[in-house]
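Residue-level structural notes
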Amino acid sequence: MTTPAFALAAYDDPAALARALAAHVAEALRARLARDGAASLAVSGGRTPTRFFETLSGAPLDWSRIAVTLVDERWVPETSERSNAALVRRHLLKGPAAAARFVPLFTGAATPEEGLAAAEAAVAALPAPFAAVVLGMGDDGHTASFFPGADALAAAVDPAGTAPLIAVRADGAGEPRITFTLPPLIAADLLLLHIEGAGKRAVLERAAAGGAVAEMPIRAVLNAVRVPLDVLWCP
């Protein structure tokens, strides 16, 4: 029997999903804090995780020993409504979670290529591996900034790659982006995919059925994990 590419946990609504997702992430952070005294979390942007951020922000953790960063970022300043960093500051880094150390990926350089070295220096100080990584997925099958047709896709999803971050440009990405590469994401203690809606579930099932990574880059994650990818979903 073939091992399934993902294990799906279904929830009745976005609120229930957000509570479960926050509980899983908090548990992973708590375990890493108990073991190492410090922990790091990488989260995704977009509209889907807002309720999760709001829920997690109130978790009773020693946030002063937790570092938060982004799975990927559009190359825009935090004054932009497209900034993932601004989203995280607004919805996650408040209440108890305001004590966390935030490590954004945008450096202020003119391009992600020019800002790459500074971003890599910043993330090098994160406790590694991540205690938890929460991925999202687009309708086109992209995750992180692994976009179909991206100029750096092959390098970004190379499981043997050594660079932690890479600059990415793709027609479907809008702005140029910076993203963690596949290896540090799949090395996390806890790797979760958060999706909502029947359409996203259908996209994931099509990706899991097999095919080219270049067509649906979420397949790079499904192909690389050693156990089925944990997916939290609601209609």
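Placed above this text is the structure.
Residues numbered from 1 in each chain as written. Predicted model: local features only at pLDDT ≥ 70, side-chain atom pairs only at ≥ 80, totals over all residues. Heavy atoms only, no water.

1. A look at the sheet that holds strand β7 (residues 165-168)
Filter applied, for reference: At least two DSSP bridges between two strands are required for those strands to pair. We count a stretch as a helix when DSSP gives it H or I for four or more residues in a row; a strand needs E for two or more, and each element gets its number in order from the N terminus. Here an angle of 0 to 180 degrees is reported between the N-to-C directions of two axes, which are lines fitted to C-alpha atoms, with helices fitted over the stretch in contact.
Here we have 3 strands laid out as an open sheet, ordered β4-β8-β7, and antiparallel in their pairing. Of all the strands in the sheet, just β4 (72-74) and β7 have a single pairing partner and so form its edges. Neighbour-to-neighbour, the strand axes of the sheet open up by a mean angle of 15°, direction not taken into account. When β7 meets strand β8 (residues 177-180), the two strands line up antiparallel, connected through 4 bridges.

2. What about the nonpolar core?
Worth spelling out the cut-off: Side-chain atoms within 4.5 Å link the members of a nonpolar core, which is a set of buried Ala, Val, Leu, Ile, Met, Phe, Trp, Tyr and Cys residues. Per-residue accessibility, obtained with a 1.4 Å probe over protein chains only, is compared with the maximum for each type, and a residue is labelled buried under 20%, exposed over 50%, and partly exposed between these values. By definition in these notes, contact holds between two residues if any of their heavy atoms fall within 4.5 Å.
Counting residues in each nonpolar core, the largest one holds 86 residues, and the members touching the most others are Val 25, Phe 52, Leu 56, Trp 63 and Val 68. At 10 residues, helix α1 (residues 14-36) tops the list of elements feeding residues into this core. Excluding residues that lie within four positions of it along the chain, Leu 56 makes contacts with Ala 22, Val 25, Ala 26, Leu 41, Trp 63 and Leu 92.

3. Concerning the side chain of Ser 57
Here Ser 57 shows up in the loop between α2 (50-56) and β3 (66-70). The contacts of Ser 57, once residues within four sequence positions are left out, are Trp 63, His 91, Leu 92, Lys 94, Gly 95, Pro 96 and Ala 97.

4. Here's the deal with the pairing of β8
Of the two faces of β8, the one lined by Arg 177 and Thr 179 and the one lined by Ile 178 and Phe 180 are each fully buried. With 3 bridges connecting them, β4 and β8 associate as antiparallel partners. Pairing of Glu 73 across the sheet is with Ile 178, part of β8.

5. Focus: the environment of Ala 209
Its location among the elements puts Ala 209 in the loop between α7 (198-208) and α8 (218-224). In this structure Ala 209 comes out as exposed when scored by relative accessible area, which is 70%.

6. Comments concerning α7
Counted only if it meets this: Throughout, the arc means the angular range of directions from the helix axis out to the C-beta atoms.
Within the span of α7, buried status applies to Lys 200, Val 203, Leu 204 and Ala 207. End-on, the buried residues of α7 take up no more than an arc of 95°, which puts them together on one face. Just beyond α7, the residue with positive phi is Gly 210, at close to 110°.

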